[in-house]
Amino acid sequence: MPHDRSLLKEFTTNYVIIVTHLLDDLSFQKIATQSKPFVGTAGTNQLYEASNAVDGNTATCLRTIVIGTGLSTPDKTVWWKVDLGGVYNIYRINILFKNYDGYEDRQRGRFAGFSLYLSDTDISFDAGIKGSILCYKDGPQLPPLNFTTVCTEKGRYVIYYNERLDGVIYPKGYEVTNVYEELCEVIVQGCKNDGFYGRNCDTPCPNNCKDSNCHMESGACLTCKAGWTGIHCNTKCREGWYGINCDQPCVGHCRDNATCNHVTGQCDRGCAARWTGNLCDKGQMFSVNQDINASKNGSSGVFTSPYYPGNYPNNAHHTWTLTTGDSNAMVVLNITDFDVVQYRYTPKCEDYLQIEKIEPYYIQILKRCGEFAPFNLEYTGNIFVVTFVSDSIHNARGFNLSWKDSRRTNDDNNRDNQDNNIKNNSTKSNSKQINTGDPYAAVSYVDFEPKTTKYTQKWSIYKEYRVVYSK
Ligand SMILES: [Ca+2]
Ligand SMILES: [Ca+2]
């Protein structure tokens, strides 16, 4: 006598202690397939079709091909699956196996050892099936012919799988030859609507459950949204952490030493001074480009490193372009203070002051770091570029540079013209060093490379007391 699926639910409660649920039936009349259908006598194949397990009629049952150990049975594995038509929160799975009067033990022995898998994607090969979510593995006891298991997972495809492999010793009572799987009904119960749980699928999952997924019975979140933790995801991440599972440490430098936002990792009230980026984890680039008109005789000005005489910031890149408008205009550069970080063990200028003449021809007048007594430079030219660069760590006081446009007299020009003729327009012909007390003040160089006794002496003293600056 056929049963409808609601009657089957009542029957199920004889085996599993569950208060009556009004969960949704997710598998009814959905598309079912199986690995290889049983081939019956002519015109009878529909009696064994995969869809018989989801037709709501307990009298119709699918039947698979035979599997078994030994040479006489080529097939060793078999599967059946139903496509729920979407990914759902599943609560439990009920299977009604076929019985034949007087053969209950044999039937149980045939189904024994089966597995139930869940998958979001359509998989039709054994290894793939075995790699999906395992809901239930039967054994070693023989299963009841009306079987129910709780499986609180999310999935679209519910897969029934069984095997009889050569060389495996199966538990007592397992049939290992002439094994047909015969499933009369497979009922997958869960909630059709995402974000609900409980007996009637009508209690909303907690707000902070990721993707509104929660346990069908307890309402516990399967995973929390970013920034939340706890069974019901109503506890913020502990201070200093954020994100999914609260496993991301705050990396930013927030204003007022605040901790980062537990959800985003960002600083809600902004970055601390000199920090930038979404997470306030990037040293701010201090960039200035200034054009200075020095076209008048006697015009003057001052450049300093940022925050001078306080320490300059990291990641600074300042450029001042000084234009005299006259290639014979003389500019006096007076560096009154110079203290720029130079690394002790890698004496390269990562922070530096650079002065270049661009017109009427290019020369690098100076590029330096370290600590120096005041010195002066005097050049003629049309365009000069002063650049100050600092890297991302270690700071010092920086520099103070005053400049003055001091037009040349005709005598000066005549003298230079003579020099130029002698030096055949060598690129350094126009450089002139005055009042420095420093043998390298007017020499163009890139890396710090002691070249004279005097200089070496100074450097060794320097090395004695100078250590790299702390951040
Ligand atoms: Ca049926
Ligand atoms: Ca630096």
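Residues numbered from 1 in each chain as written. Chains lettered and ligands numbered in written order. Predicted model: local features only at pLDDT ≥ 70, side-chain atom pairs only at ≥ 80, totals over all residues. Heavy atoms only, no water.

### A short note on the environment of Phe 388
With respect to the helices, strands and loops of the structure, Phe 388 is situated in strand β26 (residues 383-389). Overall, Phe 388 belongs to the buried group, its relative accessible area being 0%. In sequence terms Phe 388 and Ile 355 are 33 residues apart; their C-alpha atoms lie 8.9 Å from each other. Excluding residues that lie within four positions of it along the chain, Phe 388 makes contacts with Ser 305, Pro 306, Tyr 312, Ala 316, His 317, His 318, Trp 320, Val 340, Tyr 352, Leu 353 and Phe 399. (Helix = DSSP H or I, 4+ residues; strand = E, 2+ residues; numbered from the N terminus. Buried < 20%, exposed > 50% of the residue type's maximum accessible area, 1.4 Å probe, protein only. Contact = heavy atoms within 4.5 Å.)

### Things to note about the sheet that holds strand β22 (residues 352-359)
Spatial ordering of the open sheet is given by β18-β20-β26-β22-β23, a layout of 5 strands whose pairing is mixed. Strand pairing shows two members of the sheet lacking a second neighbour, β18 (286-293) and β23 (363-368), which therefore form its edges. With strand direction ignored, the average angle separating the axes of adjacent strands in the sheet is 10°. Strand direction decides the pairing type here: β18 and strand β20 (residues 316-323), joined by 8 bridges, are parallel. By the bridge assignment for β20, Ile 292 is matched with Leu 322. (Pairing = 2+ DSSP bridges. Axes fitted to C-alpha atoms, helices over the stretch in contact; angles between N-to-C directions.)

### Describing the coordination of the calcium ion (ligand 1)
All of the protein donors around the calcium ion (ligand 1) are Asn 52 (O), Asp 55 (OD), Asn 57 (O), Thr 60 (O), Thr 60 (OG1), Cys 184 (O) and Glu 185 (OE); their distances to the metal are 2.2 to 2.5 Å. The sequence pattern formed by the donor residues of the calcium ion (ligand 1) is N-x2-D-x1-N-x2-T-x123-C-E. Residue Asn 57 is found in the loop between β2 (31-34) and β3 (62-63), and its partner Glu 185 is found in strand β9 (residues 182-191); the two are separated by 128 residues along the sequence. (Donors = N, O, S within 2.8 Å, 3.2 Å for Na, K, Ca; no water.)

### Brief notes about the pattern of salt bridges
The tally for this structure, following the rule as stated, stands at 13 salt bridges. The partner of Glu 182 in a salt bridge is Arg 63, with the nearest N and O atoms 3.0 Å apart. Placement of the pair is Glu 182 in strand β9 and Arg 63 in strand β3, with a sequence separation of 119 residues. Note on Arg 63: relative accessible area 18%, which makes it buried. Through salt bridges with shared partners, one network takes in Asp 337, Asp 339 and Arg 397. (Salt bridge = Lys/Arg side-chain N within 4 Å of Asp/Glu carboxyl O.)

### Quick look at the side chain of Thr 319
With respect to the helices, strands and loops of the structure, Thr 319 is situated in strand β20. If sequence neighbours within four positions are ignored, Thr 319 has contacts with Val 288, Asn 289, Gln 290, Val 385, Val 386 and Thr 387.

### Re the packing of aromatic side chains
We describe a pair of aromatic rings using the distance from one ring centre to the other and the angle between the two ring planes. The final tally for this structure, using the stated rule, is 17 aromatic pairs. When the centroid spacing of 4.2 Å and the interplanar angle of 15° are considered together, the rings of Phe 97 and Phe 111 count as stacked. Of the two residues, Phe 97 sits in strand β4 (residues 77-97) while Phe 111 sits in helix α2 (residues 104-111), which places them 14 residues apart along the sequence. On the accessibility criterion, Phe 111 (0% relative accessible area) is buried. Seen in terms of ring centroids, Phe 97 and Phe 114 are 5.5 Å apart; in terms of plane orientation they differ by 65°. Their pairing is edge-to-face. (Phe/Tyr/Trp six-rings, centres within 6.5 Å; stacked < 30°, edge-to-face > 60°.)

### A short note on the confidence of the model for the protein
Considering every residue of the protein, the mean pLDDT works out to 82; 81% of them sit at 70 or more. α2 holds the highest mean pLDDT among the elements of the protein, 98, whereas helix α5 (residues 453-465) holds the lowest, 31. Within the model, the stretch residues 10-19 combines pLDDT values under 50 with 12 contacts to residues more than four positions away or in other chains. This stretch, residues 422-471, has a pLDDT under 50; its non-local contacts, to residues over four places away or in other chains, come to 103 contacts. (pLDDT = per-residue confidence, 0-100.)

### Concerning the layout of surface pockets
Taken as a whole, the second largest pocket encloses approximately 170 Å³ of empty space. In terms of lining, the second largest pocket is formed by 17 residues, of which the most central are Thr 259, Cys 260, Asn 261, His 262 and Asp 268. Classifying every residue of the lining of the second largest pocket by side-chain character gives 6 nonpolar, 5 polar and 6 charged. (1 Å grid on protein atoms, 1.4 Å probe; cavity = no way out; pocket = protein on both sides within 12 Å on 5 of 7 lines; lining within 4 Å. Points joined across faces, edges and corners; volume = space filled by probe spheres on them. Nonpolar A, V, L, I, M, F, W, Y, C, P; charged D, E, K, R; others polar.)

### So, the nonpolar core
The biggest cluster of nonpolar side chains holds 35 residues, and the ones touching the most others in it are Phe 303, Ile 355, Leu 377, Leu 401 and Trp 403. For this core, the secondary structure elements donating two or more residues are β18, β20, β21 (330-340), β22, β23, β25 (375-380), β26 and β27 (398-405). Sequence-distant contacts of Ile 355, that is, excluding residues within four places in its chain, are made with Leu 333, Ile 335, Ile 363, Gln 364, Ile 365, Leu 366, Leu 377, Val 385, Val 386 and Leu 401. Counting 27 residues, the second-largest nonpolar core is a separate cluster that includes Leu 62, Trp 80, Leu 145 and Phe 147. (Core = buried A, V, L, I, M, F, W, Y, C linked by side-chain atoms within 4.5 Å.)

### Examining the state of the cysteines
Per the counting criterion, the structure on display carries 11 disulfides. Across the disulfide from Cys 209 sits Cys 221; the S-S distance is 1.9 Å. Disulfide Cys 209-Cys 221: the torsion about the S-S bond is -75°, which places it as left-handed. Of this pair, Cys 209 sits in the loop between β11 (203-204) and β12 (228-229) while Cys 221 sits in the loop between β11 and β12, placing them 12 residues apart in sequence. By the burial criterion, Cys 209 is buried, and Cys 221 matches it. There is a disulfide in this structure between Cys 349 and Cys 369, and the S-S distance comes to 2.2 Å. Taking the sign of the S-S torsion, about -75° here, the bridge from Cys 349 to Cys 369 comes out left-handed. Of the two residues, Cys 349 is situated in the loop between β21 and β22 and Cys 369 in the loop between β23 and β24 (370-372); the sequence distance between them amounts to 20 residues. With respect to class, Cys 349 is no different from Cys 369; both count as buried. (Disulfide = S-S within 2.5 Å.)

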